[in-house]
Structures are given as C-alpha cells and as structure tokens.
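Listed here are the chains, written in short residue letters.
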Amino acid sequence: MLRWTDQRMERFIGGLLRVGVLLSAALVLAGAVVHLAGHAGDRPDLHVFRGEPLALREIGGILRGALAVEGRGLIQLGLLVLVATPVARVGFSVFAFAAQRDRTYVLVTMAVLAILSFSLFGVRGHP
Amino acid sequence: MTLLATSLLIWTGSLLAGFLGALTGLGGGVVVVPLLALAFGVDLRYAIGASLLSVIATSSGAAAAYVRDGLSNVRVGMFLEIATTLGALAGAFVAAHVPTSAVAVVFGLVLLGAAGLSLRHPASQAGPPRPADPIAIALRMDGSYPGHDGRIEYHVRNVPAGFGLMAVAGGLSGLLGIGSGALKVIAMDDVMRLPFKVSSTTSNFMIGVTAAASAGVYLARGYLDPVLAAPVVLGVLPGALLGAWLLPRLGGRVLRLVFAGVIAVLAVEMLYQGATGRL
C-alpha cells in the first residue's frame, strides 16, 4: 500500500482543489447562461437588501432548483461546490493524518471540520 | 440598465479587481466590495457575500498551483485554521447584527491599513537566533522547503501570538468578506517567523477554509445572491490568476505605489460613505 507522505498528500490536495474550482466555475457559468437567456432584459435591484428566498438558502432547495435546470439554482449549486472544496480538503486531511498515525493532527483537523460543519449545517436563516 | 448589461459590467470590473488584488498581494475582495458598493450601488451585504465567494475561488485556484511545490506548511496551516475559522464564524455573526454603515467604516479602516502594508518591505529573516517555541516542537510544526541546494530547514516561533492574530484575521474575513491575506502573512512572517515563501503559500491555502466558515452563515442569512455572485466569481478568478502569473514578471515599486494609491482612495470613499450613513 502506498504511504500518505506529506508530499503525496499535498499533490492529492492540489488535484482536489483544481477539480472543485473547475466544476464550480462550470456550474456557475451554465447557470448564468440559463438565467440570462430568460431574464436578460430584467432590471436588477440589489440596492435594497431583501435576503435570498429560502429555496436559495438551503441545500435541499438549491438541489431541487439545479435539477430543474433553473438558472439561479444551478449557480447556487456551483457556489456550494465552491464552498465545499476547501471543506473537502479538510475532510481529506483527517483521513491522511490518520493514515500517518498522527493523532494530534487528526484531532486538530477534526476540530476545524466541526467548526465548518456547524457553519454549513448548524445555522438557521431568518425568513 | 438591463441585467445583461449590468452583469457584463460587473464581470469586467471583477476581472480588473481580481487582477489588481493579485498584483498588490491584497486579494480580490478588498477591491471587489468597494467596486460593487460604490460603483454599482449594491447593498453591502450582497457585495460582501459575493466577494467572500470570489475569495474562496481565488484561494483554491491558486493553492492548486502552489501546493504541489511543497512550499506550504500543512501542519501550521491546519492548526491556525482552528483560530481563523472560529474568528470567521464570529465575524459573520457580528456582520448580521451591526448596521452596514458601521461595517463600511471598519472596511475603510482595514483598507487603509492594507494599503500601507502593501508598501512595506518583506520582513528580513535575519536577526538573532531565538529558541524555537516548545509548542511548535510539541506540534511538530518545524519544516523545510525546497531551496537552490536541497531543502532549507526552518523553525516556528511564538505560536500563541500567531494564533491570536489569526483569530483577528478570521474575524475580519467573516465581517468584511475579504481574505485577510495580508494579516495572515504578518502573523506567520513577523510573529511566527516562517520563511516568506512558506508563509505566503500557507496563508493562501488557509484563506479558502477560513472563508468557507463564514460562507455557511452568509448562505443561511440570504447574503449569497446567485445572479450577482456569478459574474463576480467568474471575473475575479481569472483576473487573480492572471495577476499572480504576471506579478513576478512586473514587480516594480512604482506599480505598487500606484495600486496602493488606488486602494487608499477606495478606503477614504468607503469611510466617507459609511460615516454619512449612505452605505
């Protein structure tokens, strides 16, 4: 079995980040094209803060929108992939440090992962 | 203006912002937020949300290139991410409870500081040798990076102070939607005494994770508008990568002065608009 040396870990992380960014950019671009195709003549109004509709604030609603090939849902899914990329990097590091039998850094990395999970899943939006 | 025209203008502006941010070493966020708020009249919360996303894109995109060079220190980065992510969460919560005009004033002040910092010379690594921090030894943070003749060893110092500064950097990132890269580099460079090459790549590596910690809060609070974020992210990313590629080929002092001047003007404008309650 190949050992997860620091160098090998770094190479894998580099590839992971690249795939995440490219996938995210592709989804955002596709969503922007779909949205603009239907709304090119809209008058955007971002001067006043209203907050996004709930369907664009939670993972379930975003997935439904994206699967329906709805422009804003697709963009939001791409943005979720973007946010998930560094989170995946931290998640992978837990595994890699475990493979190195480095208990201290397994704990350190899990602490970071817990904070990130709280932000992504633990915060309720106000309607 | 129609959505198509606005989106194209915002995309062009974001491309320039990413480019400028990379050339000054300050990151796209510090230029994108004033651009959206001042030039396009976008509500500061939407501007900060879109900027934060572009910060994640830039960090991941650039880190993908650097990380394979074996320059960044994964252990130092991961340990300090505990501080930056906690700070970022706190910053994002504070952002939801203070008026945007106050956020604008803080943004202006941070921007002024950043403009000054961008002119500073990189810290000299010379100086009397100091004992390595026992915490750094216990956490096996000392490392090495590839130099001209084999790998160069280095020690990590002053972990608690670096950790504290990182929490502040994370807080500013979550409050203002910026990467806080300059402050992160100072913490690792001047305080923890990492070699410049290591600190700048490790900092860049950490920025994405830090920003992800506040992005969840922003999403739940409805700050992330897809129609605005799309041209911003798609503009800042290529702009920043182009700037990072061009940086070592330019690197003139005059150029840095000009850019620092631009940032300072934006800072004053943010301060003024914030103080008069217009943002």
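Above: the structure in question.
Rules and cut-offs
Residues numbered from 1 in each chain as written. Chains lettered and ligands numbered in written order. Predicted model: local features only at pLDDT ≥ 70, side-chain atom pairs only at ≥ 80, totals over all residues. Heavy atoms only, no water. Helix = DSSP H or I, 4+ residues; strand = E, 2+ residues; numbered from the N terminus. Rg over C-alpha atoms; globule rule 2.2 N^0.38 Å. Areas by Shrake-Rupley, 256 points an atom, 1.4 Å probe, with all protein chains shown as cover. Lys, Arg positive; Asp, Glu negative; His and termini not counted. Charge placed at Lys NZ, Arg CZ, Asp CG, Glu CD. Buried < 20%, exposed > 50% of the residue type's maximum accessible area, 1.4 Å probe, protein only. Contact = heavy atoms within 4.5 Å. 1 Å grid on protein atoms, 1.4 Å probe; cavity = no way out; pocket = protein on both sides within 12 Å on 5 of 7 lines; lining within 4 Å. Points joined across faces, edges and corners; volume = space filled by probe spheres on them. Nonpolar A, V, L, I, M, F, W, Y, C, P; charged D, E, K, R; others polar. Phe/Tyr/Trp six-rings, centres within 6.5 Å; stacked < 30°, edge-to-face > 60°. Lys NZ or Arg CZ within 6 Å of the ring centre and 35° of its normal. Expected span 1.5 Å × (residues − 1). Pairing = 2+ DSSP bridges. Salt bridge = Lys/Arg side-chain N within 4 Å of Asp/Glu carboxyl O. Patch = residues over 30% accessible without salt bridge, like charges linked within 9 Å, V, L, I, M, F, W, Y side chains within 5 Å.

Colleague: Is there a simple way to think about the overall build of chain B in this case?
Modeller: Scanning chain B for helices and strands turns up 11 helices and two strands. The N-to-C order of helical and strand elements in chain B reads α-α-α-α-α-α-β-β-α-α-α-α-α. Taking 2.2 N^0.38 as the reference for a compact globule, 279 residues should give roughly 19 Å; the C-alpha atoms of chain B span a radius of gyration of 18 Å, in line with that estimate. Projected onto the principal axes, the alpha-carbon positions of chain B cover approximately 60 × 40 × 30 Å. Carbon and sulfur atoms make up 70% of the accessible area of chain B, which amounts to about 10100 Å² in all. Here chain B contributes 16 positively and 11 negatively charged side chains, and the mean placements of these two sets differ by 2 Å.

Colleague: Would you explain the overall build of chain A in this entry?
Modeller: Each helix and strand counted, chain A has four helices and zero strands in total. Mapped in sequence order, the helices and strands of chain A form the string α-α-α-α. Over its C-alpha trace chain A gives a radius of gyration of 18 Å, far above what one expects of a compact globule, namely 14 Å for 127 residues. Looking at chain A residue by residue over its 127 residues, the buried ones come to 45%. When contacts within chain A are restricted to residue pairs at least 6 apart in sequence, those whose partners lie at least 24 apart make up 63%. Surface summary for chain A: the accessible area is close to 6700 Å², and the carbon and sulfur share equals 66%. Distance between charge centroids for chain A: 8 Å, based on 13 positive and 8 negative side chains.

Colleague: How should I be thinking about the layout of surface pockets in this particular structure?
Modeller: Using a probe with the size of a water molecule, rolled over the atoms, empty space left in the structure can be pinpointed. The calculated volume of the second largest pocket comes to roughly 310 Å³. What lines the second largest pocket is a set of 17 residues, among which Asp45(A), Leu46(A), Arg72(A), Asp225(B) and Val227(B) lie closest to the centre. Among the residues forming the lining of the second largest pocket, the class breakdown is seven nonpolar, three polar and seven charged.

Colleague: Where do I start with the packing of aromatic side chains in this structure?
Modeller: Each aromatic ring pair is summarised here by two numbers: the centre-to-centre distance and the angle between the ring planes. Applying the stated rule across the entire model yields eight aromatic pairs over all chains. Measuring from centroid to centroid gives 6.1 Å for Tyr145(B) and Tyr154(B), while their planes differ by 45°, and the two rings are tilted. As far as the burial class goes, Tyr145(B) and Tyr154(B) line up, both buried. Taken together, the ring pairs connect Phe49(A), Tyr46(B), Tyr218(B) and Tyr223(B) into an aromatic cluster. Taking the ring centre of Phe205(B) as reference, the NZ or CZ of Arg89(A) above it sits at 3.6 Å.

Colleague: Explanation requested: the side chain of Ser93(A) in the structure shown.
Modeller: Mapped onto the elements of the fold, Ser93(A) is located in helix α3 (residues 71-99). Those residues in contact with Ser93(A) that sit more than four places away from it in its chain are Met9(A), Ile13(A), Thr109(A) and Met78(B).

Colleague: Before we go on, may I ask you to explain empty space enclosed by the protein in this structure?
Modeller: All names here are of chain B. A full pass over the atoms with the stated rule returns three cavities of 30 Å³ or more. Space inside the largest cavity adds up to approximately 60 Å³. Looking at the lining of the largest cavity, the elements with two or more residues in it are α3 (44-66) and α5 (100-117). Split by residue class, the lining of the largest cavity holds eight nonpolar, one polar and one charged.

Colleague: I tried to follow helix α10 (residues 226-246) of chain B on my own but got confused; where do I start?
Modeller: Because an α-helix packs 3.6 residues into every turn, residues spaced three or four apart end up facing the same way. Taking 1.5 Å as the rise per residue, α10(B) with 21 residues should run 30 Å; its terminal C-alpha atoms sit 30 Å apart, in good agreement. Of all 21 residues making up α10(B), 15 are buried, and the element is well covered by its neighbours.

Colleague: Is there a simple way to think about the pairing of strand β1 (residues 143-147) of chain B in this case?
Modeller: Note on strand geometry: in a regular strand, side chains alternate between the two faces of the sheet. Residues and elements named next belong to chain B. Inspection of the sheet shows β1 paired to strand β2 (residues 150-154) by five bridges, in the antiparallel sense. The residue bridging Ser-144 from the neighbouring strand is Glu-153, located in β2. Turn length for the β1-β2 hairpin, with the two strands adjacent in sequence and antiparallel, is two residues.

Colleague: Explanation requested: the pattern of salt bridges in the structure shown.
Modeller: All names here are of chain A. All told, the structure shown has six salt bridges over all chains when counted by the stated rule. Across the salt bridge formed by Arg-50 and Asp-45, the nearest N and O atoms sit 3.1 Å from each other. Measuring nitrogen to oxygen at the nearest pair gives 4.0 Å for the salt bridge that ties Arg-72 to Glu-70. Look at Arg-72 and you get partly exposed, because its relative accessible area is 29%. Owing to a relative accessible area of 33%, Glu-70 belongs among the partly exposed residues under this scheme.

Colleague: Before we go on, may I ask you to explain a nonpolar patch on the surface in this structure?
Modeller: All names here are of chain A. Together, Ile-59, Leu-63 and Phe-121 line one region of the surface with nonpolar side chains, adding up to about 280 Å² of accessible area. Looking at the element boundaries, Phe-121 is found in helix α4 (residues 103-121). The class for Phe-121 is exposed, based on a relative accessible area of 57%.

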